[in-house]
Amino acid sequence: MDRDLLYRFFEGHASVEEMKAVKEWVDVSEENNKQFRRERKLFNAMILVEHSKQPGILYTKENKKGNGFIREVLKIASVVVITAGITISLLLMNSDKSEVNAAMQTVTVPAGQRVNLSLPDGSNIWLNAGSQLQYPISFMEDKREVILDGEAYFEVAHNEKCPFIVRTHVMDIEVLGTTFNVDASLCRNTFEASLIEGKINVKSPHDENVSMILLPDHKVILMDGELVAEQIDNYDIYRWKEGLYCFKSKAFADIIKDLERYYDIRIIIDGTTIENVKITGKFRISDGLDYALNVLKNDVSFTYYRDINSEVIYIK
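Let me begin by describing the structure that accompanies this report. (Residues numbered from 1 in each chain as written. Predicted model: local features only at pLDDT ≥ 70, side-chain atom pairs only at ≥ 80, totals over all residues. Heavy atoms only, no water.)

What to know about the overall build of the chain
Looking only at helices and strands, the chain has 7 helices and 20 strands in total. When the 316 residues of the chain are sorted by exposure, 43% land in the buried category. Once local pairs closer than 6 in sequence are excluded, the contacts in the chain between residues at least 24 apart make up 47%. (Helix = DSSP H or I, 4+ residues; strand = E, 2+ residues; numbered from the N terminus. Buried < 20%, exposed > 50% of the residue type's maximum accessible area, 1.4 Å probe, protein only. Contact = heavy atoms within 4.5 Å.)

What follows is the structure, given as structure tokens:
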């Protein structure tokens, strides 16, 4: 396969006929598939420097003890992680010209990190730890669709002729151009959409009777199959994109679940007396799990120890 054609495909500049040709070539043999992946890795490596200098896909992982040089190395190293984690899949649709094969990218964010990326339409997105976003290399003329599993903060580029749709495991969110936060995780069984600016329509893809138009400074939560609207009373909780974990009157057990997600470790609470204690506070995620637990000990009386063999933390 011609390398120039493959690179046009990776960049999203290939024609419909060229995209079909790439798919057919990849499907011919396992060797072609391996070559496709090798070329993709080479292409990713070539754009690393570009990503480190310009807006685009960029992981951030803070290191308060490091100097500026170390932080830059961490950023570039993180870009290596993300480009290695990007997968290209070809979705075979109808042969109609308006429904063609589309190249999709999948971005998965590891524990303890967050990622900032720019979409092909100019929209800006922050992805929280443990989240995954799928989006096309280039959007269609009449719609912009992404698939989210986890938490993301969207700043959508306005285009009234081309709606922007966020698909999650339970609800879809349709916008024209606005700023909002979504926490929709399949494994945590959560759905919450918070509107900062503009207007969004939250609706079920399976039941047209389940929908709600949200106005600024409000959020909607899925509770027992119903959408419940509330006014936003604490904007600090959306500062996770700055590396801060903020919580207000949050149950101790729920905070521990968040720490499991941020630090990719299992934490078991031994006893129920402290699970429902409400706590308000904040700390920087990069300060580490031990620091976070010690901060919580100022409000809740407990001890903890780490089982080195099982990598589980027990709280008593």
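Having seen it, we continue.
Focus: the sheet that holds strand S20 (residues 312-315)
Strands sit in the order S17-S20-S19 across an open sheet of 3 strands; the sheet is mixed. With partners counted over all chains shown, the strands left at the sheet margins are strand S17 (266-269) and strand S19 (304-307), one partner each. Going from strand to strand, the sheet's axes swing by 20° on average, the running direction of each strand aside. Sheet topology places S17 next to S20; 4 bridges connect them, and they run parallel. Residue arginine 266 lies in a different strand from S20, and its bridge partner there is valine 312. Along the sheet, helix H7 (residues 289-296) makes contact with S17, S19 and S20, crossing S19 at roughly 155°. (Pairing = 2+ DSSP bridges. Axes fitted to C-alpha atoms, helices over the stretch in contact; angles between N-to-C directions.)

Thoughts on the packing of helix H6 (residues 252-263) against H7
Orientation of H6 relative to H7, taken along the N-to-C sense of each, is 170°, at an axis distance of 11 Å. When the interaxial angle is binned, H6 and H7 end up roughly antiparallel. From H6, Phe252, Ile255, Ile256, Leu259 and Tyr263 reach across to H7, where they touch Leu289, Ala292, Leu293 and Leu296. Residue classes in the contact of H6 with H7 are distributed as 9 nonpolar, no polar and no charged. (Parallel < 35°, antiparallel > 145°, perpendicular 65-115°, else oblique. Nonpolar A, V, L, I, M, F, W, Y, C, P; charged D, E, K, R; others polar.)

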